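# Survey of secondary and tertiary structure
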Amino acid sequence: MHKNDFIMKRFLCILLSLITLSVSAGAQRSRLLGSWNGKLEAGGSSLTLVFHFTTDSLEKEQYFFMDSPDQGAEGIPGEIVLLDNDSVSVTIPMLGAAYQGRLVLHEVPQGSRPSGEIQGVFTQMGMQFPLVLQMGLPVLNRPQEPQPPYPYRSEEVTFSSGADGAVMAGTLTYPVGYDDNSSEPGHIPAVLMITGSGPQNRDEELFSHKPFLVLADWLARHGIASLRYDDRGMGESERGTVEITTQTNMQDALAGIRYLRSLGEFDKVGALGHSEGGQIVFMLGAAEEADFIISMAGPGMRGDSILVEQNRLILTKSGFTPASADNYSRVLAAMLRMKVDGYSTDSPETLVDSLITALDAQNMPFGSAANLAAVWSSVDDPWMLYFLQSSPARDISRTTCPVFALNGSLDLQVPPVNLEHIRRLLPDGPHHLIKEYPGLNHLLQPCTTGMPAEYGRIETTIAPEVLTDIAEWILSLQPR
C-alpha cells in the first residue's frame with residue numbers, strides 16, 4: 001500500500017470527489033452492511049483500513065468505499081463483486097487491490113444480538129495479507145483536542161483575498177481574560193496560522209488530528225490571539241477564480257495579516273506556517289508584512305530537491321537498500337528537471353525506461369518504473385509545477401523580522417537539512433531561534449520512524465515542548 005506521501009496528500013481531494021461504484025443489490029439485505037475496520041500487517045508495519053458497505057435510500061443499489069485513516073485517505077472507491085449475508089468480495093481498482101472474506105459468528109448468550117468478524121485476505125500486486133475486520137469505526141484518541149466550554153472568546157470572521165477578491169472564512173481566538181481587560185487589549189500579540197500543502201480546513205485537520213485547533217487553544221491560554229482560516233474551496237472559504245499556487249496562498253495569507261492589523265486590537269502581528277505555510281511566512285517576512293514569523297517544518301531548499309530527498313528517505317525507511325533508493329531518486333531528479341524545463345512526452349513509460357538505462361539505475365524498488373511514470377503524469381498541476389521550481393532562498397535572505405524555524409529530527413517530508421539552509425541564508429538577528437527537535441516527525445509528533453503511516457496512529461497532535469516553545473518565544477518579543 002506504499003504510495004508517495006507527498007503526491008497522496010496533494011491529490012487527496014481527487015479521492016474525495018470520486019463517486020463510489022455500485023452493483024445491483026440482491027433480494028436480501030446483507031447483514032454485512034455498515035462500517036468495518038481492521039489492521040493490515042505488511043512488511044513489518046501496520047495499517048488501519050476501514051471498509052464501508054452501504055445502500056441508496058431505496059436499498060436498490062449497494063456501494064463500497066474504503067478509508068485508510070493512517071494515510072489520511074478517505075472515500076477510495078471500490079467495486080462489489082459479491083456481498084451477501086456472510087461473504088464479501090470487492091476490488092479497489094485505483095490501488096490494484098482486492099479483498100475476499102467470510103463472516104465468522106461469535107458465540108453469544110441466548111437472546112443477545114449475533115456478532116462476529118470478517119476473516120479474509122487482502123491482495124495487492126500479487127501479494128496476499130490476512131485481514132480481519134471488526135464491525136464499526138476505529139476509535140481514535142486525541143487527548144490534546146480541546147473541548148468546550150472554552151475559557152476564552154472566539155469569533156467567526158471573513159476577509160477578502162487580494163488575489164481575486166475571494167472571501168476567506170476563519171476563526172479569531174482571543175486570549176483568556178481579554179474581555180475583562182486583564183490581558184490589556186491593544187497590547188497583546190496575534191498570529192495568523194497558514195496550513196501546509198493541499199486543501200485543508202482552518203484546523204489543518206489531517207489524519208484525524210487538528211493541529212491548529214490545539215495550537216490556537218494553547219496560545220489563547222497563554223495570552224496570545226490567533227486567526228486560523230479555511231483554505232480556498234474548503235470549509236466556508238470561497239474557491240475563487242485563480243489557479244491555486246503557493247503564490248496565491250501567500251496572497252490569501254497577506255490578506256489575513258492585513259485584516260488582523262485593521263482591527264487595531266493587537267500589538268505585534270505575526271505569521272505561523274506549517275510545511276508549505278513555512279515557506280509562505282518567509283514570503284511575508286521578506287515583504288515586511290509580518291512582525292515575526294514561525295516556520296514549522298518549512299522548506300529551506302528548492303521544491304524539486306525536497307521531493308527527491310523525501311522519496312529517498314521514505315524508501316530507505318521502508319526497507320529498501322540505500323543503493324536502490326538512490327537509483328530511484330536519481331531518476332526522479334532527472335525526470336523532474338525535464339518537467340520543469342517544459343519537456344513533454346506521449347509515453348511516460350518509455351521516458352522512464354530511457355532514464356533508467358541512461359543513469360544505469362536498473363536496481364530499484366519493485367514497481368518503481370510504473371510509479372515514476374504515474375508521477376510524471378501527475379505533476380502538471382499548477383501548484384506542483386510552481387512548487388518544483390520555487391526556492392525560498394531569496395525570501396529567507398531578505399527577512400529581517402524575528403524568526404523561529406523548527407523541524408523534527410525524524411521529518412521525512414521536509415527533512416531537517418532544510419534548517420541548515422535557513423540558518424545559512426537568514427540574516428543575523430537577536431531574536432532568531434532555529435531548533436531541531438529530537439524524535440519528532442513532520443507533524444511535530446513524537447514518533448518511532450517518522451514514516452507518514454504513523455501520523456494517524458500517534459495520539460499526540462503536537463509535542464508539548466513545541467507548544468511551550470512557540471508561546472514563550474512569541475511572548476519574549478513583547479515589550480516588558
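These remarks concern the structure in this document. (Residues numbered from 1 in each chain as written. Predicted model: local features only at pLDDT ≥ 70, side-chain atom pairs only at ≥ 80, totals over all residues. Heavy atoms only, no water.)

If you walk through the whole model with that rule in mind, you get 14 aromatic pairs. Of the aromatic side chains, those joined through ring pairs into one cluster are Phe-51, Phe-53, Phe-64 and Tyr-99. One residue, Lys-339, lies across the ring of Trp-376, its end atom 4.1 Å from the ring centre. (Phe/Tyr/Trp six-rings, centres within 6.5 Å; stacked < 30°, edge-to-face > 60°. Lys NZ or Arg CZ within 6 Å of the ring centre and 35° of its normal.)

Packing of helix α3 (residues 211-220) against helix α13 (residues 464-476) brings their axes to within 10 Å, and their N-to-C directions diverge by 45 degrees. The pairing of α3 with α13 is recorded here as oblique in orientation. Remark: the crossing between α3 and α13 carries right-handed chirality. Between α3 and α13, the contacting residues are Val-214, Leu-215, Trp-218 and Leu-219 on the first element and Leu-467, Thr-468, Ile-470, Ala-471 and Ile-474 on the second. (Axes fitted to C-alpha atoms, helices over the stretch in contact; angles between N-to-C directions. Helix = DSSP H or I, 4+ residues; strand = E, 2+ residues; numbered from the N terminus. Parallel < 35°, antiparallel > 145°, perpendicular 65-115°, else oblique. Left-handed = near helix turned anticlockwise from the far one by under 90°. Contact = heavy atoms within 4.5 Å.)

As for its position among the elements, His-187 is in the loop between β12 (167-173) and β13 (188-194). His-187 gets classed as exposed once you look at its relative accessible area, which sits at 54%. For the pair formed by His-187 and Asp-267, sequence separation is 80 residues and the distance between their alpha carbons is 4.8 Å. For His-187, the residues in contact, after removing those within four places along its chain, are Glu-265, Asp-267 and Gln-478. (Buried < 20%, exposed > 50% of the residue type's maximum accessible area, 1.4 Å probe, protein only.)

By size, the foremost hydrophobic cluster in this structure holds 39 residues, and its most contacted members are Leu-192, Ile-194, Leu-227, Leu-260, Phe-266, Phe-282 and Leu-284. A total of 7 residues in this core trace back to one element, the largest contributor, which is helix α4 (residues 246-262). In contact with Leu-227, not counting residues within four places along its chain, are Val-157, Phe-159, Gly-170, Thr-171, Leu-172, Val-191, Leu-192, Met-193, Gly-256, Tyr-259 and Leu-260. Membership of the second largest hydrophobic core comes to 29 residues, among which are Leu-315, Ala-333, Ile-356 and Trp-383. (Core = buried A, V, L, I, M, F, W, Y, C linked by side-chain atoms within 4.5 Å.)

Judged by side-chain polarity, Met-125, Met-127 and Phe-366 come together as a nonpolar surface patch covering roughly 370 Å² of accessible area. Inspection of the secondary structure puts Met-125 in the loop between β9 (116-124) and β10 (127-135). Looking at Met-125, the relative accessible area reads 48%, which means it is partly exposed. (Patch = residues over 30% accessible without salt bridge, like charges linked within 9 Å, V, L, I, M, F, W, Y side chains within 5 Å. Areas by Shrake-Rupley, 256 points an atom, 1.4 Å probe, with all protein chains shown as cover. Salt bridge = Lys/Arg side-chain N within 4 Å of Asp/Glu carboxyl O.)

Let us look at the pairing of β12. Buried residues dominate β12, accounting for 6 of its 7 residues. One ladder, built from 7 bridges, connects strand β11 (residues 154-160) with β12; its direction is antiparallel. The residue of β12 that forms the bridge with Ser-160 is Val-167. Between the end of β11 and the start of β12, which pair antiparallel, lie 6 residues, with Gly-165 showing a positive phi angle near 85 degrees. Bridge count for β12 against strand β14 (residues 225-229) is 4 bridges, and the pairing is antiparallel. The partner of Leu-172 across the bridge, within β14, is Leu-227. (Pairing = 2+ DSSP bridges.)

The subject of this paragraph is the sheet that holds strand β15 (residues 266-274). Within the open sheet, the 8 strands sit side by side as β11-β12-β14-β13-β15-β16-β17-β18. Their pairing is mixed. The two strands at the open ends of the sheet, each matched to only one other strand, are β11 and β18 (433-437). Shown here is a sheet whose adjacent strand axes are inclined to one another by a mean of 20 degrees, direction ignored. Pairing analysis gives 5 bridges linking strand β17 (residues 403-408) to β18, with the strands arranged parallel. Counterpart to Asn-407 in the pairing with β18 is Glu-436.

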